Structure formats: C-alpha cells, structure tokens
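The lines below spell out each chain.
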Amino acid sequence: MLAFIDETGDFGWSFALPFKQGGSSRYLSISYIIIPTSKEILTHDIVHHIYERVKLNVHLYDFKLKKKFRPDGQYELKGSMLHKNDIHSLCMKTVSLLKNNQDIIIGSATIHKENLLSAMPNIKNEKEHLYNLILQAGLLHNIKDYTRVKLVPDQRTVKIDR
C-alpha cells in the first residue's frame with residue numbers, strides 16, 4: 001500500500017496579524033490518499049488530466065501571481081488556483097475513482113492551532129511532533145491493519161519521526 005500525504009496551512013504560530021498579512025494560518029490539515037501500489041497509476045491519470053485541462057484553459061489562470069515552485073523548478077498547481085470547471089472535473093474523476101475502487105481511501109485531519117497551543121504550549125517548538133500527532137489522528141486507523149505501507153510525503157513536508 002501507498003499513502004500519499006500533503007499538508008495545507010503552515011507551521012507558524014503568529015496569530016496577532018491576519019493570515020497572509022504577516023500572520024500564520026489558524027488551521028493545519030494533513031490529507032492523504034491510501035492506494036494499493038498496483039493502482040498508483042490511477043491517481044497519476046487524474047493529476048495528469050487536471051494539468052492538461054489547465055494547459056487548455058490557460059487563459060483562465062494568472063500563473064505570474066499564482067505559481068508555486070517545487071524544488072525541481074516546476075510549478076505546483078494548488079487547488080485554490082483551479083477554475084470552477086476544473087474543480088468540478090477533478091471532483092467527478094475522484095468520485096468515480098472511489099466508486100470503482102473500494103480499496104482506495106481518501107481522508108484528512110485538521111487541527112485548530114490556537115486551541116492546540118492552549119492545551120500543549122510546547123508544541124510550538126516541535127514541528128515534527130505536531131505533524132505526527134495529526135498523522136496519527138487521521139491516517140493511523142486507516143493503515144494499522146496493513147503489514148506494509150509506504151508513506152510518501154510531499155517533497156516540502158517536514159520529516160516524520162520514525
């Protein structure tokens with residue numbers, strides 16, 4: 001099994017200013033897709049489809065303002081950047097994938113960072129611990145029965161404690 005993992009939000013703790021105006025995100029989510037290794041190509045097909053739709057509809061996008069660069073120099077397409085027609089297409093393909101493949105699981109776990117900070121003040125200095133807490137809350141119960149799962153975090157994600 002493979003578990004692809006990606007987070008949204010940031011690991012900052014500055015809440016005095018609004019988000020994206022000098023302040024940190026108030027929430028941190030880690031989402032995942034668990035998929036048999038033999039079906040990995042199905043997810044690649046969906047991602048490829050969306051990138052192709054964006055190329056065809058490039059006039060709908062302003063990449064100068066919205067580009068996010070990965071370490072390999074390529075742009076990373078963010079869901080918040082997608083046009084509503086492309087979002088609809090992505091959702092329909094994902095629903096079809098899940099209907100036709102009962103062994104594929106998509107999930108997410110989200111924390112409200114301000115609440116967590118009140119309960120665990122030292123978490124501020126432990127990004128890896130925070131990441132692992134969220135993974136345990138969302139992912140662990142879905143993979144605990146498999147003998148082997150390869151975790152595939154986003155390239156920019158903090159390292160997971162082993």
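First, a word on scope: everything that follows refers to the structure included in this document. Since this is a predicted model, take the numbers as computed values, not measurements.

Here's the deal with the overall build of the protein chain
Item 1. Secondary structure summary: the protein chain contains 6 helices and 4 strands in total.
Item 2. Traced from its N-terminal end to its C-terminal end, the protein chain shows the element sequence β-β-α-α-α-β-α-α-α-β.
Item 3. A total accessible area of about 10,600 Å² is found for the protein chain, and carbon and sulfur atoms account for 54% of it.

Details of the pattern of salt bridges
Item 1. For the coordinates displayed, the defined rule picks out 3 salt bridges.
Item 2. A salt bridge links lysine 39 to aspartate 103; its shortest N-O distance comes to 2.9 Å. With lysine 39 in the loop between strand E2 (27–35) and helix H1 (40–56) and aspartate 103 in the loop between helix H3 (84–100) and strand E3 (105–112), this pair connects stretches of sequence that are 64 residues apart.
Item 3. Relative accessible area serves as the criterion here: at 30%, aspartate 103 is assigned to the partly exposed category.
Item 4. The salt bridge partner of lysine 144 is aspartate 145, with a shortest N-O separation of 3.7 Å.

Thoughts on the nonpolar core
Item 1. Ile5, Ile34, Leu130, Ile134 and Leu139 are the most contacted members of the largest nonpolar core, which totals 21 residues.
Item 2. Sorting the residues of this core by element identifies strand E1 (2–8), E2, E3, helix H4 (113–119) and helix H5 (127–138) as the ones contributing at least two each.
Item 3. Membership of the second largest hydrophobic core comes to 6 residues, among which are Ile33, Ile46, Leu97 and Ile104.

Considering the packing of aromatic side chains
Item 1. Per the stated rule, a full pass over the model turns up 2 aromatic pairs.
Item 2. Taking 6.4 Å as the distance between ring centres and 40 degrees as the angle between the ring planes, the aromatic pair formed by phenylalanine 11 and tyrosine 131 counts as tilted. Residue phenylalanine 11 is located in the loop between E1 and E2, and its partner tyrosine 131 is located in helix H5; the two are separated by 120 residues in the primary sequence. For the residue pair phenylalanine 11 and tyrosine 131, the accessibility class agrees, reading buried in each case.
Item 3. Both rings, one in tryptophan 13 and one in phenylalanine 15, keep their centres 6.2 Å apart while their planes meet at 85 degrees; by these two values the pair is edge-to-face. With respect to class, tryptophan 13 is no different from phenylalanine 15; both count as buried.

Here's the deal with H3
Item 1. Compared with an ideal rise of 1.5 Å per residue, which puts 17 residues at 24 Å, H3 spans 24 Å between its outermost C-alpha atoms and is within 8% of the ideal.
Item 2. Where H3 is concerned, the buried positions are Asp86, Ser89 and Leu97. Considered in projection along H3, the buried side chains sweep an arc of 70 degrees and stay on one side of the axis. Away from its buried face, by an angle of more than 90 degrees, H3 presents the exposed residues Lys84, His88 and Lys99.

Considerations on the sheet that holds E2
Item 1. Taken together, the 4 strands give an open sheet; going across it, the order is E3-E2-E1-E4, and neighbouring strands pair in mixed fashion. At either margin of the open sheet sits one strand with a lone partner, and together these are E3 and strand E4 (150–153). Across the sheet, the axes of successive neighbouring strands diverge by a mean angle of 20 degrees, strand direction being ignored.
Item 2. Note: E2 against E3, 8 bridges, orientation antiparallel. The residue bridging isoleucine 34 from the neighbouring strand is isoleucine 105, located in E3.
Item 3. Against the sheet, H5 engages E1, E2, E3 and E4, with an angle of about 50 degrees to E2.

What to know about H5
Item 1. For H5, spanning 12 residues, the distance from its first C-alpha to its last is 17 Å, which sits close to the expected 16 Å at 1.5 Å a residue.
Item 2. Turning to H5, its buried residues number three or more, namely Leu130, Tyr131, Asn132, Ile134, Leu135 and Gly138.
Item 3. Where H5 is buried, its residues meet E1, E2, E3, H4, helix H6 (140–143) and E4.

Definitions and limits used
- Residues numbered from 1 in each chain as written.
- Predicted model: local features only at pLDDT ≥ 70, side-chain atom pairs only at ≥ 80, totals over all residues.
- Heavy atoms only, no water.
- Helix = DSSP H or I, 4+ residues; strand = E, 2+ residues; numbered from the N terminus.
- Areas by Shrake-Rupley, 256 points an atom, 1.4 Å probe, with all protein chains shown as cover.
- Salt bridge = Lys/Arg side-chain N within 4 Å of Asp/Glu carboxyl O.
- Buried < 20%, exposed > 50% of the residue type's maximum accessible area, 1.4 Å probe, protein only.
- Core = buried A, V, L, I, M, F, W, Y, C linked by side-chain atoms within 4.5 Å.
- Phe/Tyr/Trp six-rings, centres within 6.5 Å; stacked < 30°, edge-to-face > 60°.
- Expected span 1.5 Å × (residues − 1).
- Arc of directions from axis to C-beta.
- Pairing = 2+ DSSP bridges.
- Axes fitted to C-alpha atoms, helices over the stretch in contact; angles between N-to-C directions.
- Contact = heavy atoms within 4.5 Å.

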